[in-house]
Amino acid sequence: MNYIIPVFESENLSTTIPQSAYLDTFSGKKKETALFVDTDGNKHFYLGLGKEHGRSGIITTARSFFFPNKATLKRDILIKSFSDTEKPYLREICQGAFLGKYEIGYLKNKDEVKSDWYSSGSNINVESGNEEDLKVGHQLADTQMRIMKWGDAPANYKTPQMLSQWLVESGKESGFEVELFDAKACEEMGMHALLAVG
């Protein structure tokens, strides 16, 4: 098991971390990590979040940890809070963890084309009582990765026809209505700036 423990920066962490003898230099600075392996072989990764409690920064910090480590974190992952201070941010940690699985370069190499290109996997869990954070973090990351795919795809893939088809399909999957407008309808609505860029 891999335990991911997000920690906000503090000067007295060495007195509160159970494995402080092994982590005496860890203070929780942003993107700072410390690893402790227990007697059962479980890895405890302490992930520094820094002093700021901004949600987007926490997502970025978590993603920057998970992206380069996704190949080495093959066993199950359990995200748990270090203290009550971190608990309100578990959703952002989960979102960053799932975003860390996104691969840049979609459709730019034949070997990278996968039917489930944005699959977030199922090996990430969260401590008991915070399952909603995991669920929402997963949903938000999936939505972001689906949109990132369009920004990352080559121009010959994201034609107006393909984008409109994707929007209609996404609408059906997500339970919302999609209305498409052709050039004539855009002209009638006064969308001249949109029409000017083609």
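Residues numbered from 1 in each chain as written. Predicted model: local features only at pLDDT ≥ 70, side-chain atom pairs only at ≥ 80, totals over all residues. Heavy atoms only, no water.

Trainee: Account for the nonpolar core, naming residues and giving values.
Mentor: Of all hydrophobic cores here, the largest spans 26 residues; its most connected members are Ile4, Phe65, Phe66, Ile77, Ile79 and Ile124. Counting residues per element, the ones that place at least two in this core are strand 1 (2-8), strand 3 (43-50), helix 1 (55-69), strand 4 (77-79), helix 2 (90-99), strand 5 (124-126) and helix 3 (131-152). Ranked by residues supplied to this core, first place goes to helix 2 with six residues. Here isoleucine 79 is in contact with Ile4, Phe66, Leu90, Ile93, Cys94, Ala97, Ile124, Asn125, Val126 and Glu127, once residues within four sequence places are set aside. Core analysis: the next-biggest nonpolar cluster, separate from the first, contains seven residues, Ile5, Phe26, Ala34 and Tyr46 among them. (Core = buried A, V, L, I, M, F, W, Y, C linked by side-chain atoms within 4.5 Å. Buried < 20%, exposed > 50% of the residue type's maximum accessible area, 1.4 Å probe, protein only. Helix = DSSP H or I, 4+ residues; strand = E, 2+ residues; numbered from the N terminus. Contact = heavy atoms within 4.5 Å.)

Trainee: Any details on the sheet that holds strand 4? Residues and values, ideally.
Mentor: Ordered by their spatial adjacency, five strands build an open sheet running 2-3-1-4-5, and the pairing between neighbours is mixed. Edge positions in the open sheet fall to strand 2 (33-37) and strand 5, since each of these has one partner strand only. Between one strand and the next, the sheet's axes are offset by a mean angle of 25°, whatever the strand orientation. Summarising the sheet, strand 1 and strand 3 pair through seven bridges and their orientation is parallel. Among the inter-strand pairings, isoleucine 5 is bridged to a residue of strand 3, identified as tyrosine 46. (Pairing = 2+ DSSP bridges. Axes fitted to C-alpha atoms, helices over the stretch in contact; angles between N-to-C directions.)

Trainee: Can you lay out the pattern of salt bridges for me, pointing to particular residues and giving the numbers?
Mentor: Opposite charge on two side chains lets them pair, provided their charged atoms get close. Per the stated rule, a full pass over the model turns up four salt bridges. Linking glutamate 92 and arginine 55 is a salt bridge whose minimum nitrogen-to-oxygen distance equals 3.1 Å. Here glutamate 92 is found in helix 2, whereas its partner arginine 55 is found in helix 1, with 37 residues between them in sequence. For the salt bridge of glutamate 127 with lysine 87, the shortest nitrogen-to-oxygen distance reads 3.6 Å. Placement of glutamate 127 in the loop between strand 5 and helix 3 and of lysine 87 in the loop between strand 4 and helix 2 is noted, with a sequence separation of 40 residues between them. When its relative accessible area of 17% is taken as the criterion, glutamate 127 is described as buried. Residue lysine 87 is classed as partly exposed on the basis of its relative accessible area of 30%. (Salt bridge = Lys/Arg side-chain N within 4 Å of Asp/Glu carboxyl O.)

Trainee: Any details on the pairing of strand 3? Residues and values, ideally.
Mentor: Most of strand 3 sits inside the fold, with seven of its eight residues counted as buried. Pairing of strand 2 with strand 3, which is carried by five bridges, proceeds in the antiparallel orientation. By the bridge assignment for strand 3, phenylalanine 36 is matched with histidine 44.

Trainee: Hey, could you go over the packing of helix 1 against helix 2 for me, with residue numbers and the actual values?
Mentor: One can describe the packing of helix 1 onto helix 2 by two numbers: an axis separation of 7 Å at closest approach and a directional angle of 40°. Classified by the angle their axes make, helix 1 and helix 2 are oblique. Between helix 1 and helix 2 the crossing geometry is right-handed. Judged by residue contacts, Arg55, Ile58, Ile59, Ala62, Arg63 and Phe66 of helix 1 engage Glu92, Ile93, Gln95, Gly96, Ala97 and Leu99 from helix 2. A breakdown of the residues in the contact of helix 1 with helix 2 according to their chemical character gives seven nonpolar, two polar and three charged. (Parallel < 35°, antiparallel > 145°, perpendicular 65-115°, else oblique. Left-handed = near helix turned anticlockwise from the far one by under 90°. Nonpolar A, V, L, I, M, F, W, Y, C, P; charged D, E, K, R; others polar.)

Trainee: Can you tell me about a nonpolar patch on the surface, naming the residues and giving the values?
Mentor: A cluster of nonpolar side chains, contributed by Leu163, Leu167, Phe176, Val178 and Leu180, occupies part of the molecular surface with about 400 Å² of accessible area. Topologically, phenylalanine 176 is positioned in the loop between helix 4 (160-174) and helix 5 (183-188). Exposure remark for phenylalanine 176: the relative accessible area of 46% places this residue in the partly exposed category. (Patch = residues over 30% accessible without salt bridge, like charges linked within 9 Å, V, L, I, M, F, W, Y side chains within 5 Å. Areas by Shrake-Rupley, 256 points an atom, 1.4 Å probe, with all protein chains shown as cover.)

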